[in-house]
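# Overview (structure and organization)
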Amino acid sequence: MRIRLRFILLLAPLILFLGCETETVLPQAPDGAHTFGGMANDLASGIVALPNNEGFLIVGGQTEKENTRHDYDLLLVRTDMDGNELWTKTFGYPDADEVGWKVIRKPSGEYFIFGTKRYLETGETWFQATMLDADFNLIRQQNTSHELFGTLQPQSMSKIYHLADGNTLAIIDANGFVGKVIFKPDGQVKEQVVLDRYEHPGLGSFCTTLTGGGYALAMKTREGYNVDSFALYLLDEFGDYDRTEYVVAGDTTFQPFAINSFSNGTYHLLGNSFYSGTNVMIQLDSSFHLLLETVATDQMRYNQLIESSSGKLFFAGDASGSALESPRIENIVFRTFDQTHQAGIRKEFDGHERDRILDLVRLSDGRFAAVGQTEFYGAGGYDALLIFTNE
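Residues numbered from 1 in each chain as written. Predicted model: local features only at pLDDT ≥ 70, side-chain atom pairs only at ≥ 80, totals over all residues. Heavy atoms only, no water.

### Considering the packing of aromatic side chains
Cut-off, in case you're wondering: The criterion for an aromatic pair is that two Phe, Tyr or Trp rings (for Trp, the six-membered ring) have centres within 6.5 Å, with stacked assigned to planes under 30 degrees apart, edge-to-face to planes over 60 apart and tilted to the rest. By definition, any uninterrupted DSSP run of H or I lasting at least four residues is a helix, any uninterrupted run of E lasting at least two residues is a strand, and each is numbered from the N terminus. Any residue under 20% of the maximum accessible area for its type is buried, any over 50% is exposed, and the rest in between are partly exposed; the area is computed with a 1.4 Å probe on protein chains only. Both a distance and an angle decide whether a charge sits over a ring: NZ of Lys or CZ of Arg must be within 6 Å of the ring centre and within 35 degrees of the ring normal.
Tallied over the full model, the rule gives 15 aromatic pairs. Taking 5.7 Å as the distance between ring centres and 25 degrees as the angle between the ring planes, the aromatic pair formed by Phe-314 and Phe-334 counts as stacked. With a gap of 20 residues between them, Phe-314 in strand E24 (residues 313-320) and Phe-334 in strand E25 (residues 330-337) connect regions that are remote in the sequence. Taken individually, Phe-314 and Phe-334 each receive the classification buried, so the pair is uniform in this respect. Through successive ring pairs, a cluster of aromatic residues spans Phe-112, Phe-114, Phe-127 and Phe-183. The aromatic ring of Trp-87 is capped on one face by Lys-89, whose charged end is 4.7 Å from the ring centroid.

### Some points on the environment of Thr-374
Our working definition: Polar contact is the term for a pair of N or O atoms within 3.5 Å; when the atoms are in protein, one must be able to donate a hydrogen and the other to accept it, and sequence-neighboring residues count only if both atoms are side-chain atoms.
Mapped onto the elements, Thr-374 comes out in strand E28 (residues 368-374). Put simply, Thr-374 and Asp-42 are 332 residues apart on the chain and 8.8 Å apart in space, counted from C-alpha to C-alpha. Of note is the side chain of Thr-374, whose polar atom sits 2.8 Å from the side chain of Asp-355.

### Considering the side chain of Asn-260
Note the threshold: Contact between two residues is taken to exist if any of their heavy atoms lie within 4.5 Å; hydrogens are not considered.
Note that Asn-260 resides in strand E19 (residues 254-261). A polar side-chain atom of Asn-260 sits 3.2 Å from a polar atom in the side chain of Thr-208. Those residues in contact with Asn-260 that lie beyond four places of it in its chain are Thr-208, Thr-266, Tyr-267, His-268, Leu-305 and Ile-306.

### A few points about the sheet that holds strand E8 (residues 111-119)
To keep things clear, this is the line we draw: Pairs of strands are assigned from DSSP output, requiring at least two bridges between the strands. Only the contacting stretch of a helix is used when fitting its axis, a line to C-alpha atoms as for every element, and angles between N-to-C directions run 0 to 180 degrees.
An order of E7-E8-E9-E10 is seen for the four strands of this open sheet, with the pairing classed as antiparallel. Edge positions in the open sheet fall to strand E7 (96-105) and strand E10 (138-145), since each of these has one partner strand only. Each adjacent strand pair in this sheet contributes to an overall mean axis angle of 20 degrees, direction not counted. With eight bridges joining them, E8 and strand E9 (residues 125-132) adopt antiparallel strand pairing. Residue pairing across strands places Phe-112 opposite Met-131, the latter belonging to E9.

### With respect to the pairing of E8
Along E8, seven of the nine residues are buried, which leaves the element largely enclosed by surrounding structure. Bridging between E7 and E8 involves nine bridges; their strand directions are antiparallel. Paired with Arg-105 across the strands is Tyr-111, a residue of E8. Between the antiparallel neighbours E7 and E8 lie five residues, among them Gly-109 with a positive phi of about 95 degrees.

### Thoughts on the sheet that holds strand E6 (residues 85-91)
Strands sit in the order E3-E4-E5-E6 across an open sheet of four strands; the sheet is antiparallel. In this open sheet, the two edge strands, each paired with only one partner strand, are strand E3 (42-49) and E6. Direction aside, neighbouring strands of the sheet carry axes that sit 20 degrees apart on average. Pairing analysis gives six bridges linking strand E5 (residues 72-79) to E6, with the strands arranged antiparallel. Paired with Val-77 across the strands is Thr-88, a residue of E6.

### Remarks on unusual backbone geometry
At Asn-52, a residue that is not glycine, the phi angle is positive and equals roughly 60 degrees. Along the polypeptide, Asn-52 turns up in the loop between E3 and strand E4 (56-63). The phi torsion at Phe-288 lies on the positive side, around 70 degrees, for a residue other than glycine. Tracing the backbone through its elements, the reader meets Phe-288 in the loop between strand E21 (279-284) and strand E22 (290-295).

Written out as structure tokens, the structure reads:
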């Protein structure tokens, strides 16, 4: 189903009130926005571009019953490069919520979907690994109890990576716990470790690959909660713990919630002070030394960060309570900054109630494809969302 979006241009007096230093312009119409689902609740939380410009595979969850957020089935949507739906598949059982959080394409051509299966009667949640062949046929599903997390549900901001030894690394954000899970090629869990527990839940894509190989998780640890620093947990190319680096930046309540490595060897982060509500942008060098710290004039909640084709910081997130709408409304927002943190173009798409972006990829032509959840007017419950935009 194709939908139309209404664009919001913030008025000049409001721009001055917010302290915005750059001109906000009316965004160009995106290449397209698409929703998937019926009259119940649907969610898109992961996307992967297919080889040879064959389109996209989107994963998430879909409910069959109207006005309920329970009894999700694992949702798969295949689209062409323009976002037109080619087919939809679901996998699930009536006694459990099954959701696919993230998907990757492995070098073998198979697809690995990290998800969860939550039994409705007991509340017990298991990890679920779903493997598809290159033609999207189901190879196997493997369910494993995640005893270290108890009944806590891993969130949609989890991320997965293909490791050098053929295993798959999942970084888990589970309501105050951050951990890692390593899956074997057959989907069985090799290792699950809680790395830390923090005061405030993670709000975004807080893990990134390292330019020299390996992975970095940015978080505010319990140990560092009362000091002006945050931690970088460093994992090697096999997902094993390497070391922890502490960065003195932000304040005592600064929580990173978006990080990414850039092609020039630097790392960029966006975080928030929970006491002041202030967003802070941070740039680190390749050795994780602080290069630049800037209080952001734009206080929107960005949970996805990626490098644009021109080397800029491209954020995606949502704005709670646009000045032109009810405070309940959360609109989708895209924003660019250069690497000196000078603000660029902002695009805001007017939704209905709660709209959010849960995954973001950059395409070979420089555009971006983002997936999430929307309540745009005309949507049935929550709909799964795919939207294209540019910088």
